[in-house]
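# Geometric and topological summary
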Amino acid sequence: MPSTLEGQITIEKTPCYFVTKEVPQRIYNMSKDIKLIIVVRDPVTRAISDYTQAATKRPALKPFEKMAFIDNTSRIVDTKWAAVKIGVYAKHLEKWLKYFPIRQIHFVNGETLISNPAGEMAKVQDFLGLKRIVTDKHFYLKDSRGFPCLKKRPGSGRPHCLRNNKGRTHPHVDQTVLNRLRDFFKPFNLKFYQMTGINFGWS
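Residues numbered from 1 in each chain as written. Predicted model: local features only at pLDDT ≥ 70, side-chain atom pairs only at ≥ 80, totals over all residues. Heavy atoms only, no water.

The name given to the chain in an unreviewed UniProt entry is Sulfotransferase domain-containing protein, and the organism recorded there is Patella caerulea.

Here it is in structure tokens:
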């Protein structure tokens, strides 16, 4: 990490940190007082999004249902498939709590970040001890995909919207498949709610 002067905050982001087992200890060794921000979303939706991204790069990829289950007869969820494994948040969080107290970790609700970005950003700024500079005045919905765009300072250029490789249309997934996945994730979600003290409302 680059040096940070007094009054500055340095932020670095890498999605795979949360699910890589060696990372919590490495970060702790670097700075035990660091503040951590983790963005989470409904693990079923996250798995479909993960699959959608992979399918754009690999058109010959098997259908989602065949990836999610060991076989379609038993409908046993394939817990080794990364798209499923990553969404078992409680197991990943357990590794982090061995090194960091829950007060040093802030959880951003991915769904609310889209529907109410200013509200989620207010919580992030409070967690970091910053003034609430980023407010609802900085966001507007112009993206046809339903994602908010960020307004920059006046005269600093065009507003920032997500790139075209974000927010791809998800493939249709049969409701029985969704229900089976929700049943699988339910106990892990409930444990995650208990660990974080937050009910994310994933049904």
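Structure's up, so let's keep going.
### Looking at the pattern of salt bridges
Using the criterion set out here, one finds five salt bridges in the structure. Where Lys123 meets Glu120, a salt bridge forms, and the shortest distance between an N and an O atom there is 3.5 Å. One end of the pair is Lys123 and the other is Glu120, both in helix α7 (residues 117-127) and three residues apart, which spans about a single turn. Among the ionic pairs, Arg132 bridges to Asp126, the shortest N-O distance being 2.4 Å. (Salt bridge = Lys/Arg side-chain N within 4 Å of Asp/Glu carboxyl O. Helix = DSSP H or I, 4+ residues; strand = E, 2+ residues; numbered from the N terminus.)

### What to know about the state of the cysteines
Evaluated as defined, the whole model comprises one disulfide. A sulfur-sulfur separation of 2.0 Å characterises the disulfide bridge that pairs Cys149 with Cys161. Taking the torsion about the sulfur-sulfur bond, which here is approximately 110°, the covalent link between Cys149 and Cys161 counts as right-handed. With Cys149 in strand β4 (residues 149-150) and Cys161 in the loop between β4 and α8 (175-196), this residue pair connects regions lying twelve residues apart in the sequence. Residue classification places Cys161 among the partly exposed positions, given a relative accessible area of 28%. (Disulfide = S-S within 2.5 Å. Buried < 20%, exposed > 50% of the residue type's maximum accessible area, 1.4 Å probe, protein only.)

### Quick notes on a positive patch on the surface
Side chains of Lys21, Lys80, Lys85, Lys91, Lys95 and Lys98 sit close together on the surface and give a patch of like positive charge. Mapping Lys21 onto the fold places it in the segment before α1 (23-30). (Patch = residues over 30% accessible without salt bridge, like charges linked within 9 Å, V, L, I, M, F, W, Y side chains within 5 Å. Areas by Shrake-Rupley, 256 points an atom, 1.4 Å probe, with all protein chains shown as cover. Lys, Arg positive; Asp, Glu negative; His and termini not counted. Charge placed at Lys NZ, Arg CZ, Asp CG, Glu CD.)

### With respect to helix α5 (residues 89-97)
Within the sequence span of α5, burial applies to Tyr89, Ala90, His92, Leu93 and Trp96. Down the axis, α5 shows its buried residues gathered within 160° of arc, on one side only. (Arc of directions from axis to C-beta.)

### Overview of the nonpolar core
For soluble globular proteins, the rule of thumb is that nonpolar side chains tend to be buried together. In terms of nonpolar packing, the biggest core is built from 20 residues, with Phe64, Trp81 and Leu181 touching the most fellow members. Elements with a contribution of two residues or more to this core: α2 (43-57), α3 (64-68), α4 (82-85) and α8. Counting residues in each nonpolar core, the second largest holds 18 residues, with Ile27, Leu93, Phe107 and Met195 among its members. (Core = buried A, V, L, I, M, F, W, Y, C linked by side-chain atoms within 4.5 Å.)

### Points about the UniProt feature "binding site: 3'-phosphoadenylyl sulfate" (unreviewed entry) in the chain
UniProt's feature table lists "binding site: 3'-phosphoadenylyl sulfate" (unreviewed entry) at Arg41, Ser49, Lys166, Gly167, Arg168, Thr169 and His170, given in the numbering used throughout. As for its placement among the helices and strands, Ser49 is situated in helix α2. Ignoring any residue separated from it by four or fewer positions in sequence, one finds Ser49 in contact with Arg41 and His170. With respect to the helices and strands, His170 occurs in the loop between β4 and α8. Beyond its immediate chain neighbours, meaning those up to four positions away, His170 contacts Thr45, Ile48, Ser49 and Thr52. (UniProt positions renumbered as here; feature names shortened; annotations may be inferred. Contact = heavy atoms within 4.5 Å.)

### Some words on the environment of Ile133
Tracing the backbone shows Ile133 in the loop between α7 and β3 (139-140). Taking relative accessible area as the criterion, Ile133 reaches 61% and is therefore assigned exposed. Along the backbone, Ile133 and Leu5 are 128 residues apart, and their C-alpha atoms lie at a distance of 20 Å.

### Let's talk about the packing of aromatic side chains
All chains considered together, the criterion is met by 17 aromatic pairs. Note on Tyr193 and Phe200: the rings are 6.1 Å apart at their centroids and 45° apart in plane angle, and the pair reads as tilted. An identical accessibility class is assigned to Tyr193 and Phe200; each is buried. An aromatic cluster is built from Phe18, Tyr89, Phe107, Phe192, Tyr193, Phe200 and Trp202, whose rings are joined through pairwise contacts. Of note, Lys35 hangs over the ring of Phe127, and the distance from its end group to the ring centre comes to 5.3 Å. (Phe/Tyr/Trp six-rings, centres within 6.5 Å; stacked < 30°, edge-to-face > 60°. Lys NZ or Arg CZ within 6 Å of the ring centre and 35° of its normal.)

### Brief notes about the packing of α2 against α8
Remark: α2 packs on α8, axes separated minimally by 9 Å, with the N-to-C direction vectors making an angle of 125°. On the basis of their axis angle, the class for α2 and α8 is oblique. Facing α2, whose interface residues are Pro43, Val44 and Ile48, α8 presents Leu178, Leu181, Arg182, Phe185 and Asn189. For the contact of α2 with α8, the per-class residue count stands at six nonpolar, one polar and one charged. (Axes fitted to C-alpha atoms, helices over the stretch in contact; angles between N-to-C directions. Parallel < 35°, antiparallel > 145°, perpendicular 65-115°, else oblique. Nonpolar A, V, L, I, M, F, W, Y, C, P; charged D, E, K, R; others polar.)

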